[in-house]
Amino acid sequence: MTVITILYAILTMGALGALFSVGLSIASKKLSVEEDPRLIEIIDLLPGSNCGACGFAGCAAMAEAILKGDMEPSSCPVANSESIEKISKLLGLEVKEKVRNVAVVLCRGDRKNQKKKAEYIGVESCLAAHLVGGGERACNWGCIGFGDCVDVCPFDAIYMSPDGIPVVDRDKCTGCGKCVEACPRNIIELHPINRNVFVLCKNRDNPRLARSVCSAACISCGICERATGGEGFKVIDNLAVVDYEKYTKEPILPTDKCPTKCIVIVGDPEKEK
Amino acid sequence: MNLLLVFISAAVVNNYVLTYFLGLCPFVGVSKKLGPAVSMGLATTFVMTMTATVTWLIYYLVLIPLNLEFLQIVSFILVIASLVQLVEMFVRKVSKPLYDALGIYLPLITTNCAILGLALFMVLKEYNFIESIVFGFGAGAGFTLAISIMAGIREQLDIADVPEPFKGAGITMITAGCLALAFMGFAGLI
Ligand code: SF4
Ligand code: SF4
């Protein structure tokens, strides 16, 4: 093969390519489809993270559904209230207030608090560990600690503390719920951001057993229930739960009364009101 | 007479799908309903005819004089890809429902091996310009024929009492096989 041939080859392919691309660009002008300009605007207003939490393939598909009226603008779990308002205005819809949800990790069983029951050697995934023997931490209800939740978060809003328990960055969290789905122990829940009081434990074993595996477990002593006169905390099935209907803001609260400190104020109640 | 032979040979006797087993992906993918199947067939026919025309021009007017036959495949792919883009824009403009129904299969015409196969066969068989166009059109007609027959059968199969293990992909493959057997009957005609 001579240099000339190579040169010709390059030139020919270049010329052909140029020819076709010019043709195509002319055609794309001529054949361009008029799209509802609002569609583009809605797409721009949606978060654009294409996380799929709304059930559509991506933000564009969701925008189409909103435009058609099949979905509400607020059905995007990720969009902030400002952009939802803008979309609603754009379409002349009533603006619906939406309190932002954030993820809360309901467990304090990090490496310091939770006992170790075994050595786990295997795939470093909470789901895998959960399936074989529950991982190396002793509590069968609590965090396994391999961070499946951290891995799935599309917004970098959840990270592992040095002691191995996930921490949610409440500013970054969009409430998409991916971590909730990922956690095999179901210890992550979505709550409105203005809820700040939580019982950070899911252990429903009896007090003695719970205590023996984790120093931060709820031991269902009932002190919180008594301290609020049953109007806020209730011990159900060996676990204290907050009744958010009754437990509004004040009076705060028996957090310091809880002997294992599993009632905790999460976030900043002042700022997040 | 010769042109008629070329047409029939491409459309029926050497049917791309049922004899050469080229382009099976859209053949199975878009043959659930008759409507989209026919449209897919027509889109493919258009691309095939255009491909045959343009590739003939490129091959005989550019590649041969410059001794660049080895660029055959690359340049043919270029042609096909551009044409498919064109068809895609066109379909989108003319009929959005059809565009949605064809979905991913429309861009997939690009990788439909029947089309590249057509261009390569055309060179192999040394057709002249007119014959090539007829050849491309015939191949497209054959594809449309095959995919429409298949879609018709599959629409019937939907309501037929298919034994459980054969449902879905199984019976589709069997049907395609039977069709191919039927088309083998034409072998040797031309
Ligand atoms: S994955 Fe969890 S932490 Fe991350 S944004 Fe979604 S809800 Fe928040
Ligand atoms: S997925 Fe659940 S168990 Fe695993 S680290 Fe996250 S919170 Fe812990």
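Above this text you will find the structure in question.
Treat the numbers as computed from the prediction; the structure is a model and nothing was measured. (Residues numbered from 1 in each chain as written. Chains lettered and ligands numbered in written order. Predicted model: local features only at pLDDT ≥ 70, side-chain atom pairs only at ≥ 80, totals over all residues. Heavy atoms only, no water.)

**Some words on the overall build of chain A**
Threshold: Numbering of helices and strands runs from the N terminus; a helix is a DSSP stretch of H or I covering at least four residues, while a strand is a stretch of E covering at least two. Exposure categories follow from relative accessible area, calculated using a 1.4 Å probe and restricted to protein chains: below 20% of the type maximum is buried, above 50% is exposed, and the middle band is partly exposed. Residues are treated as being in contact if the distance between any of their heavy atoms lies within 4.5 Å. For the accessible areas, the method is Shrake-Rupley and the probe is 1.4 Å, while residue cover comes only from the protein chains on display.
Scanning chain A from terminus to terminus reveals nine helices and eight strands. A total of 273 residues make up chain A; the buried ones form 42% of that total. Taking all contacts inside chain A whose residues are at least 6 apart in sequence as the whole, residues at least 24 apart take part in 57%. When the accessible area of chain A is evaluated, it comes to approximately 15,100 Å², of which 55% is carbon and sulfur surface.

**Considering the packing of helix H4 (residues 72-94) of chain B against helix H7 (residues 113-124) of chain B**
All names here are of chain B. Definition in use: Where helices are involved, their axes are fitted lines through C-alpha atoms of the stretch in contact, as for all axes, and angles between N-to-C directions lie from 0 to 180°. Any angle between 65 and 115 degrees counts as roughly perpendicular, while under 35 counts as roughly parallel, over 145 as roughly antiparallel, and the rest as oblique. Helix crossings fall into two classes, left-handed where the near helix is turned counterclockwise from the far one by less than a right angle and right-handed where it is turned clockwise. Any residue that is not Ala, Val, Leu, Ile, Met, Phe, Trp, Tyr, Cys, Pro, Asp, Glu, Lys or Arg is counted as polar, Gly included; the first ten are nonpolar and the last four charged.
Closest axis-to-axis distance for the H4/H7 pair is 10 Å, and the angle between their directions is 130°. On the basis of their axis angle, the class for H4 and H7 is oblique. Like other packed secondary-structure pairs, H4 and H7 cross with a definite hand, here right-handed. Contact residues: H4 offers Gln-72, Ile-73, Phe-76, Ile-77 and Ile-80, while H7 offers Ile-115, Leu-116, Ala-119, Leu-120 and Val-123. Partitioned by chemical class, the residues of the contact of H4 with H7 number nine nonpolar, one polar and no charged.

**Points about the site of ligand 2**
The test is simple: Near residues are defined by distance, with any heavy atom within 4 Å of the molecule or strand qualifying the residue.
As a matter of local geometry, ligand 2 sits amid 14 residues, with A:Cys126, A:Cys143, A:Ile144, A:Cys149 and A:Cys183 nearest to it. The residue inventory of the shell around ligand 2, partitioned by class, reads eleven nonpolar, two polar and one charged.

**Focus: helix H9 (residues 169-184) of chain B**
All names here are of chain B. As a reminder, the rule being used: Helices are assigned an expected span. That span is 1.5 Å times one less than the residue count.
Compared with the 22 Å implied by 1.5 Å per residue over 16 residues, the 23 Å span of H9 between its first and last C-alpha is a close match. Buried residues of H9: Ile-171, Thr-172, Thr-175, Ala-176, Leu-179, Ala-180 and Phe-183, and no others. Close packing links the buried residues of H9 with helix H1 (2-13), helix H2 (24-29) and helix H8 (129-159).

**Regarding the packing of helix H1 (residues 3-30) of chain A against helix H3 (residues 34-63) of chain B**
It is at 13 Å that the axes of H1(A) and H3(B) come closest, and there the two elements cross at 145°. Crossing hand, H1(A) versus H3(B): right-handed. Mapping the contact onto sequence places A:Thr12, A:Leu16 and A:Phe20 in H1(A) and B:Val54, B:Ile58, B:Val62 and B:Leu63 in H3(B).

**A short note on the pairing of strand S6 (residues 233-236) of chain A**
Residue and element names in this part refer to chain A. Selection rule: Strand pairing requires that DSSP identify at least two bridges connecting the strands.
The pairing of S6 with strand S7 (residues 239-242) spans four bridges and is antiparallel. Note on S7: the bridge partner recorded for Val-235 is Ala-240. Taking the residues that link successive antiparallel strands as the turn, the S6-S7 hairpin has two residues, and the phi of Asp-237 there is positive, at about 50°.

**Quick look at the interface of chain A and chain B**
By a widely used convention, the size of an interface equals the accessible area lost when the partners come together. Rule in force here: Joining two parts hides part of their accessible area as seen by a 1.4 Å probe, and the buried area is that hidden amount summed over both. Think of a salt bridge as a Lys or Arg side-chain nitrogen and an Asp or Glu carboxyl oxygen that are within 4 Å of each other. Counted as a polar contact is a pair of N or O atoms within 3.5 Å, where, for protein atoms, one must be capable of donating a hydrogen and the other of accepting one, and residues adjacent in sequence contribute only when both atoms are in side chains.
Tallying the contact residues gives 17 residues for chain A and 20 residues for chain B. For the pair chain A and chain B, the summed buried surface comes to about 1,600 Å²; carbon and sulfur atoms form 84% of the total. Our count for the chain A to chain B interface comes out at zero salt bridges. Viewed at the interface, chain B and chain A are joined by zero residue pairs in polar contact (both at pLDDT 80 or more). When its residues are assigned to classes, the side of chain A that touches chain B shows ten nonpolar, five polar and two charged.

**Topic: the site of ligand 1**
Of all residues adjacent to ligand 1, which total 13 residues, the nearest are A:Cys153, A:Cys173, A:Cys176, A:Gly177 and A:Cys179. Among the residues making up the shell around ligand 1, the classes are represented as nine nonpolar, three polar and one charged.

**Some details on the packing of aromatic side chains**
The condition is simple: In this analysis, rings of Phe, Tyr and Trp, with Trp reduced to its six-membered ring, are considered paired at centre separations within 6.5 Å, and the interplanar angle assigns stacked below 30 degrees, edge-to-face beyond 60, and tilted for intermediate values. The criterion for a charge sitting over a ring is simple: Lys NZ or Arg CZ within 6 Å of the ring centre, and within 35 degrees of the ring normal.
All told, the structure shown has 13 aromatic pairs over all chains when counted by the stated rule. What links up through ring pairs into an aromatic cluster is the set B:Tyr16, B:Tyr20, B:Phe121, B:Tyr127 and B:Phe135. The ring of A:Tyr244 carries A:Arg195 above its face, with NZ or CZ at 4.1 Å from the centroid.

**Observations regarding the nonpolar core**
Note the threshold: Each nonpolar core is a collection of buried residues, namely Ala, Val, Leu, Ile, Met, Phe, Trp, Tyr and Cys, held together in the definition by side-chain atoms within 4.5 Å.
Core analysis: the biggest nonpolar cluster contains 55 residues, and B:Leu18, B:Phe27, B:Ile109 and B:Phe135 have the highest contact counts within it. Ranked by residue count, the leading element in this core is H3(B), at eleven residues. Once residues lying within four places of it in the same chain are set aside, the contact partners of B:Phe135 are B:Val6, B:Ala10, B:Tyr16, B:Leu118, B:Phe121, B:Met122, B:Lys125 and B:Tyr127. Formed by 33 residues, the second largest nonpolar core is a distinct cluster that contains A:Met62, A:Cys76, A:Cys176 and A:Ile193.

**Topic: unusual backbone geometry**
All names here are of chain A. With a phi close to 45°, Ser-220 is a non-glycine residue in the positive phi region. Relative to the assigned elements, Ser-220 resides in the loop between helix H8 (207-213) and helix H9 (223-227). The phi angle at Asn-238 is positive, at roughly 65°, despite the residue not being glycine. In this fold, Asn-238 is placed in the loop between S6 and S7. Taking relative accessible area as the criterion, Asn-238 reaches 28% and is therefore assigned partly exposed.

**Let's talk about the pattern of salt bridges**
Residues and elements named next belong to chain A. Under the definition given, this model contains six salt bridges over all chains. Residues Glu-85 and Lys-89 are paired through a salt bridge, measuring 3.3 Å at the closest nitrogen-oxygen approach. On the criterion of helical spacing, the pair formed by Glu-85 and Lys-89 is a turn pair, its members being four residues apart in helix H4 (residues 81-90). By relative accessible area, Glu-85 is classed as partly exposed at 32%. Classification of Lys-89 as exposed rests on a relative accessible area of 58%. The shortest N-O distance in the salt bridge between Glu-189 and Lys-202 comes to 2.6 Å.

**Structural notes on the side chain of B:Glu131**
Along the chain, the position of B:Glu131 falls in helix H8. Other than its neighbours up to four places away in sequence, B:Glu131 contacts B:Asn2, B:Leu3 and B:Val6.

**Overview of a nonpolar patch on the surface**
Put simply, the rule reads: Like-charged residues within 9 Å of one another, or nonpolar side chains (Val, Leu, Ile, Met, Phe, Trp, Tyr) within 5 Å, are grouped into patches, provided each residue has over 30% relative accessible area and no salt bridge.
Together, A:Ile4, A:Leu7, A:Tyr8 and A:Leu11 give the surface a local cluster of nonpolar side chains, amounting to about 410 Å² of exposed area. For A:Leu11, the location among the structural elements is in helix H1.

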